[in-house]
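Coordinate analysis (summary)
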Amino acid sequence: MIGKIDHIGIAVSDLDAQVTFYRDVLGLHFEGYEDLPDRGLRVGVFLVKDVKIELLQSTSPDSAIGKFIEAKGEGIHHIAFCTADAQAELNRLKEAGVKLIDESPRPGAEGTRVAFLHPKSTFKVLMELCEH
Ligand code: CO
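As the structure is a computational prediction, the values presented were derived from the model and not from experiment.

Here is what the cut-offs are and how they apply
- Residues numbered from 1 in each chain as written.
- Predicted model: local features only at pLDDT ≥ 70, side-chain atom pairs only at ≥ 80, totals over all residues.
- Heavy atoms only, no water.
- Disulfide = S-S within 2.5 Å.
- Buried < 20%, exposed > 50% of the residue type's maximum accessible area, 1.4 Å probe, protein only.
- Donors = N, O, S within 2.8 Å, 3.2 Å for Na, K, Ca; no water.
- Phe/Tyr/Trp six-rings, centres within 6.5 Å; stacked < 30°, edge-to-face > 60°.
- Helix = DSSP H or I, 4+ residues; strand = E, 2+ residues; numbered from the N terminus.
- Lys NZ or Arg CZ within 6 Å of the ring centre and 35° of its normal.
- Pairing = 2+ DSSP bridges.

**Some words on the state of the cysteines**
- Enumeration according to the criterion identifies zero disulfides in this entry.
- Left without a disulfide partner, Cys 82 is nearest to the cysteine sulfur of Cys 130, which lies 5.6 Å away.
- Since its relative accessible area comes to 13%, Cys 82 is described here as buried.
- Owing to a relative accessible area of 1%, Cys 130 belongs among the buried residues under this scheme.

**Considerations on the coordination of the cobalt ion**
- Looking at the metal site, the cobalt ion is ligated by His 7 (NE2), His 78 (NE2) and Glu 128 (OE), spaced 2.0 to 2.1 Å from it.
- Of the residues examined, His 7 reaches a relative accessible area of 3% and is grouped as buried.
- Residue classification places His 78 among the buried residues on the basis of a relative accessible area of 4%.

**Thoughts on the packing of aromatic side chains**
- Counting across every chain of the model gives four aromatic pairs.
- Ring geometry for Tyr 22 against Phe 46: centres 5.5 Å apart, planes inclined by 40 degrees, an arrangement best described as tilted. Taken together, the residues span a long stretch of sequence, with Tyr 22 in helix 1 (residues 15–25) and Phe 46 in strand 3 (residues 41–48) at a distance of 24 residues. As far as burial versus exposure is concerned, Tyr 22 and Phe 46 are alike and both buried.
- Judged by centre distance (5.2 Å) and plane angle (80 degrees), the rings of Phe 30 and Tyr 33 are edge-to-face.
- Here the aromatic residues Phe 21, Tyr 22, Phe 30, Tyr 33 and Phe 46 are joined through ring pairs into a cluster of three or more.
- Above the ring of Tyr 33, the side-chain terminus of Arg 42 is found at 4.2 Å from the ring centroid.

**Topic: the pairing of strand 2 (residues 29–36)**
- As judged from the seven bridges shared by strand 2 and strand 3, these two strands associate in the antiparallel manner. For Asp 35, the partnering residue across the bridge sits in strand 3 and is Arg 42.
- Counted along the chain from strand 2 to the antiparallel partner strand 3, the turn is four residues long, and its residue Gly 40 has a positive phi close to 65 degrees.

This is a description of form; function is not addressed.
Below, the structure is given as C-alpha cells:
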C-alpha cells in the first residue's frame, strides 16, 4: 500500500543558487546537503512539514540527473511515495501491468530501500517507492 508522499526530487544545475532561493526566498526549512558520490549526486534537502524536497545536482556527466538535465533541462524529476513493503508493492504493480525500472528495491539515501517505476507506465511521471 502506498502511504504519503516521501519526497519530490527536482533536478537542478546550480544547487547553491537554488538552496538560497528555497531557504531565503521561500523560507523553507533546510535540512542540509547530502553527497551521494556513488550515484554522482549532491543533494540539498528541505522539509515541508513531513514531506521532503530534494534538490538534485549532478556531480558526474553520466549520472541519471546529468542525463535528465541534458535532455529536458531543470525541473521536477520524480515523486517518491512511502510504502511499508516496497517489494510487495512492486509485485502488486507488476501484476497490474506496470513496467518497472527496478524489479526489487535497492539501497537509497538514509538507509531507505527504493525502487523506480517506468515513466512509460505512469503517464510520463517518474515515480519512486521508498521504504523506511
Ligand atoms: Co528520490
